[in-house]
Amino acid sequence: MALLDVEVRFPKGFKYADFDVKTLKSGLRKEGREIARVAKNLVRQKGVSKPDEYPGRDTGVLQKSIKPKPSRSGFSVVIKPWKTDQMGKDFYPAYVYYGHRGPRTRTAAANRRRKKTAGKKAAQPRKNFMVDATKMVGEDRIESNLAHLMDKALAAKEITFK
């Protein structure tokens, strides 16, 4: 699925306790919001999308579900469409991303074989808006911001010797 995980790795010689987690989480949340904003802009076009385009918007549920969430440790942030109640019982961003076949395209015998599903896809896959959003923001810019964030988190932690 269109999932993006931005992770910070420790420089050599540093441990978890050396960094201010509050500073790391707020910085990663900020970077995640920037990528999520661009991803939301990619899926905001109204109407039905064609194959190999970004998903179109009808109700805006997909657009509203794209959110960043920092990990508990504070060293990574996941940006993806999260399951919401408005989506119903199925997580439909997966259908949008991978495409799907129409209902009842398989027989019982075909279900047992499971080698190759017969039938054409009713909805073809759409473009990966999460990866393209990261490329639009700029991987180099993200890396430099994360490096600056690590320096800031290291400096924010007060080190005392006893």
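Everything discussed here concerns the structure shown above.
Keep in mind the model is a prediction, meaning the values are calculated, not measured. (Residues numbered from 1 in each chain as written. Predicted model: local features only at pLDDT ≥ 70, side-chain atom pairs only at ≥ 80, totals over all residues. Heavy atoms only, no water.)

### A closer look at the overall build of the protein
Here comes step 1: Assigned secondary structure in the protein consists of six helices and five strands.
Here comes step 2: When the elements of the protein are put in sequence order from the N terminus, they spell out β-α-α-β-β-α-β-α-β-α-α.
Here comes step 3: Within the protein, the proportion of its 162 residues that are buried is 32%. (Helix = DSSP H or I, 4+ residues; strand = E, 2+ residues; numbered from the N terminus. Buried < 20%, exposed > 50% of the residue type's maximum accessible area, 1.4 Å probe, protein only.)

### Some thoughts on the packing of helix α1 (residues 21-42) against helix α5 (residues 129-137)
Here comes step 1: Here α1 crosses α5 at 120 degrees, and the two axes come no closer than 8 Å. Here α5 runs oblique to α1, going by the angle between their axes. Where α1 crosses over α5, the handedness of that crossing is right-handed. Where α1 abuts α5, its residues Glu34, Ile35, Val38, Ala39 and Leu42 lie against Phe129, Met130, Asp132, Ala133, Thr134, Met136 and Val137.
Here comes step 2: Its residues assigned to classes, the contact of α1 with α5 comprises nine nonpolar, one polar and two charged. (Axes fitted to C-alpha atoms, helices over the stretch in contact; angles between N-to-C directions. Parallel < 35°, antiparallel > 145°, perpendicular 65-115°, else oblique. Left-handed = near helix turned anticlockwise from the far one by under 90°. Contact = heavy atoms within 4.5 Å. Nonpolar A, V, L, I, M, F, W, Y, C, P; charged D, E, K, R; others polar.)

### Considerations on the pairing of strand β3 (residues 76-81)
Here comes step 1: Bridge analysis of strand β2 (residues 66-70) against β3 gives five bridges, and the strand direction is antiparallel. Within the sheet, the bridge partner assigned to Lys67 lies in β3 and is Lys80.
Here comes step 2: Connecting β2 to the next strand, β3, in antiparallel fashion are five residues, including Gly74 with a positive phi near 95 degrees. (Pairing = 2+ DSSP bridges.)

### Focus on the side chain of Ser65
Here comes step 1: If you trace the backbone, Ser65 turns up in helix α2 (residues 61-65).
Here comes step 2: We classify Ser65 as buried; its relative accessible area is 1%.

### Describing a positive patch on the surface
Here comes step 1: Among the surface-exposed residues, Arg29, Lys30, Arg33, Arg141 and Lys152 lie close enough to one another that they form a single positively charged patch.
Here comes step 2: Going through the elements one at a time, α1 and α6 (139-156) are the ones with two or more residues in the positive patch.
Here comes step 3: Residue contributions to the positive patch peak at three residues, all from α1. (Patch = residues over 30% accessible without salt bridge, like charges linked within 9 Å, V, L, I, M, F, W, Y side chains within 5 Å. Areas by Shrake-Rupley, 256 points an atom, 1.4 Å probe, with all protein chains shown as cover. Salt bridge = Lys/Arg side-chain N within 4 Å of Asp/Glu carboxyl O. Lys, Arg positive; Asp, Glu negative; His and termini not counted. Charge placed at Lys NZ, Arg CZ, Asp CG, Glu CD.)

### Notes on the nonpolar core
Here comes step 1: By size, the foremost hydrophobic cluster in this structure holds 23 residues, and its most contacted members are Leu24, Ile66, Ile79 and Phe129.
Here comes step 2: Among the elements of the structure, α1, β3, α5 and α6 are those that each provide at least two residues to this core. (Core = buried A, V, L, I, M, F, W, Y, C linked by side-chain atoms within 4.5 Å.)

### Some details on the packing of aromatic side chains
Here comes step 1: All told, the structure shown has zero aromatic pairs when counted by the stated rule.
Here comes step 2: Of note, Lys80 hangs over the ring of Trp82, and the distance from its end group to the ring centre comes to 4.4 Å. (Phe/Tyr/Trp six-rings, centres within 6.5 Å; stacked < 30°, edge-to-face > 60°. Lys NZ or Arg CZ within 6 Å of the ring centre and 35° of its normal.)

### Considering α5
Here comes step 1: Within α5 the residues assigned to the buried category are Phe129, Met130, Asp132, Ala133, Thr134 and Val137.
Here comes step 2: Its side-chain oxygen at 3.2 Å from the backbone nitrogen of Met130, Asn128 defines the N-terminal cap of α5.
Here comes step 3: In the stretch just after α5, Gly138 is the one whose phi turns positive, near 105 degrees. (Polar contact = N/O pair within 3.5 Å; in protein donor to acceptor, adjacent residues only side chain to side chain.)

### Concerning the side chain of Glu31
Here comes step 1: Assignment of secondary structure puts Glu31 in helix α1.
Here comes step 2: For the buried Glu31, no salt bridge is present, and the opposite-charge side chain at shortest range is Arg141, 4.5 Å distant.

Any functional reading would require information beyond the geometric quantities listed.
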